[in-house]
Amino acid sequence: MRRGGYIPEEHVKDMDIDAVDVNILYPTPGVALYRVPNGELLTAICRTYNDWVAEFCTAIPTRLKGIGMLNTDGVPTAVKELERCANLGLVGVMIPIRPLQDRPYDSPVYESLWAAAQDLQIPLSLHTSTTRTGQLPPDVKSLFPSFPPGKGYGASSMDSFVRESLGDMIFGGVFERYPNLKAGSVEVELGWAPFFIRRMDYMCTQSPMRATMKRFKGGALPSDFVHRNVFFSFQEDDLGIRLRDVIGVDNLLWGNDYPHVESTWPRSQQVLEQILAGCNEEEKAKISGGNAARVYRLN
């Protein structure tokens, strides 16, 4: 474990080695804690983490920007914590990639949360491994996702949760009602996104079930809301970059996932050049930093 994972000054030293200007900081064990079944306990965990990451970033505020944790089990409480995160200087918050089963993101219970996030200009992130299962883990280790030995299908299909939640938000009309709301897929890579986007449009225009699908104002399609309201972060997915025209170049945010073991640090510049080899200079500038600066309203 690198000291930069918990000492801000060391963190920035490692950023300099990797030629990174600003880091948007997501939690590490915090993502798995969304599986804590007790909602009140999870809310307390989120508040404590938000205080910690805000304090961490104040050490070098021009280089470190924090993302808060938000528990959406109780929406009024979540709205208050969202407002507190904004006051702490956090630039975004995570919500569960999959909420409680009886409260999908097309439920009207979330209206005040969407409205607050739009008004505060706080992007919402759907980060891998933040599923609200509501199941009591037998031990701490089981908080972290595990799959049968030798089988990677679980880790290879985590995009199913983000597709479900984004689909609920899109077809539930969330982005139609809140046109300035931003929501993103985080650490789920990109290759799945082009097919998902095209398939949603197909369901509205050509599928035999299109008569039952929601009709949007002005003939808008799901892809229109994706391009306007949704961002996609990635680390090493060159396949998704090849199909960047379908996803939208302005919707792509690169990250090095420092200080995790799968991080591209300290070779991020070399890795990024390989991934973006087919992009022009304007596209490279947007994907490697410009889009993130816009989404998170950085100077």
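Everything discussed here concerns the structure shown above.
Given the structure is predicted, the values throughout are model-derived calculations rather than measurements.

K.L.:
Go over the nonpolar core, please, and point to the residues and values.
P.N.:
Most often, soluble globular proteins have nonpolar side chains that are buried together. Counting residues in hydrophobic clusters, the biggest one holds 78 residues, and the most contacted among them are Trp-114, Leu-181, Phe-232, Ile-241 and Ile-287. Here this core gets seven residues from one element, more than from any other, and that element is helix 3 (residues 39-58). Excluding residues that lie within four positions of it along the chain, Phe-232 makes contacts with Ser-185, Leu-190, Trp-192, Ala-193, Val-226, Ile-247, Asn-251, Leu-252 and Leu-253.

K.L.:
How would you sum up the pattern of salt bridges? Please name residues and give values.
P.N.:
Considering all chains together, one arrives at 18 salt bridges under this definition. As a salt-bridge pair, Asp-238 and Arg-242 come within 3.1 Å of each other at their nearest N and O atoms. Of the two residues, Asp-238 and Arg-242 both sit in helix 10 (residues 238-242), four residues apart, roughly one turn of that helix. With a relative accessible area of 58%, Arg-242 lands in the exposed category. A salt bridge links Arg-244 to Glu-283; the nearest nitrogen and oxygen atoms lie 3.3 Å apart. Of the two residues, Arg-244 is situated in helix 11 (residues 244-247) and Glu-283 in helix 13 (residues 281-295); the sequence distance between them amounts to 39 residues.

K.L.:
How would you sum up the pairing of strand 3 (residues 92-95)? Please name residues and give values.
P.N.:
The alternating pattern of strand 3 places Gly-92 and Met-94 on one face and Val-93 and Ile-95 on the opposite face, and all of these are buried. Note: strand 2 (residues 64-69) against strand 3, three bridges, orientation parallel. Across the sheet, residue Gly-68 finds its bridge partner in strand 3, namely Val-93. In this fold, strand 2 hands off to helix 4 (residues 75-88), which returns the chain to strand 3; that crossover is right-handed.

K.L.:
Describe the environment of Asn-38, and please don't skip the residues or the numbers.
P.N.:
Relative to the helices and strands, Asn-38 is located in the loop between helix 2 (29-32) and helix 3. On the basis of relative accessibility, which here comes to 42%, the residue Asn-38 falls in the partly exposed class. Residues Asn-38 and Asp-73 lie 35 residues apart in sequence; the distance between their C-alpha atoms is 9.8 Å.

K.L.:
Lay out the sheet that holds strand 6 (residues 230-234) with the relevant residues and their values.
P.N.:
For sheets, the rule is that strands pair by backbone hydrogen bonds, running either parallel or antiparallel. With parallel pairing, the seven strands of this open sheet are ordered in space as 1-2-3-4-5-6-7. Each of the sheet's edge strands pairs with one partner strand only, and the pair in question is strand 1 (23-25) and strand 7 (252-254). Averaged over all neighbouring strand pairs, the angle between strand axes comes to 30 degrees, with direction disregarded. As paired elements, strand 3 and strand 4 (residues 124-127) share three bridges and run parallel to each other. The partner of Met-94 across the bridge, within strand 4, is Ser-125. Where helix 13 meets the sheet, it contacts strand 6 and strand 7, and its direction lies at approximately 110 degrees from that of strand 7.

K.L.:
Report on the pairing of strand 5 (residues 183-186), specifying residues and quantitative values.
P.N.:
A two-sided burial pattern is seen for strand 5, the buried positions comprising Ala-183 and Ser-185 on one face and Gly-184 and Val-186 on the other. Across four bridges, the pairing between strand 4 and strand 5 is parallel. Note that in strand 5 the partner of Leu-126 across the bridge is Ser-185.

How each quantity is defined
Residues numbered from 1 in each chain as written. Predicted model: local features only at pLDDT ≥ 70, side-chain atom pairs only at ≥ 80, totals over all residues. Heavy atoms only, no water. Core = buried A, V, L, I, M, F, W, Y, C linked by side-chain atoms within 4.5 Å. Buried < 20%, exposed > 50% of the residue type's maximum accessible area, 1.4 Å probe, protein only. Helix = DSSP H or I, 4+ residues; strand = E, 2+ residues; numbered from the N terminus. Contact = heavy atoms within 4.5 Å. Salt bridge = Lys/Arg side-chain N within 4 Å of Asp/Glu carboxyl O. Pairing = 2+ DSSP bridges. Right-handed = clockwise from strand over helix to strand, strands pointing away. Axes fitted to C-alpha atoms, helices over the stretch in contact; angles between N-to-C directions.

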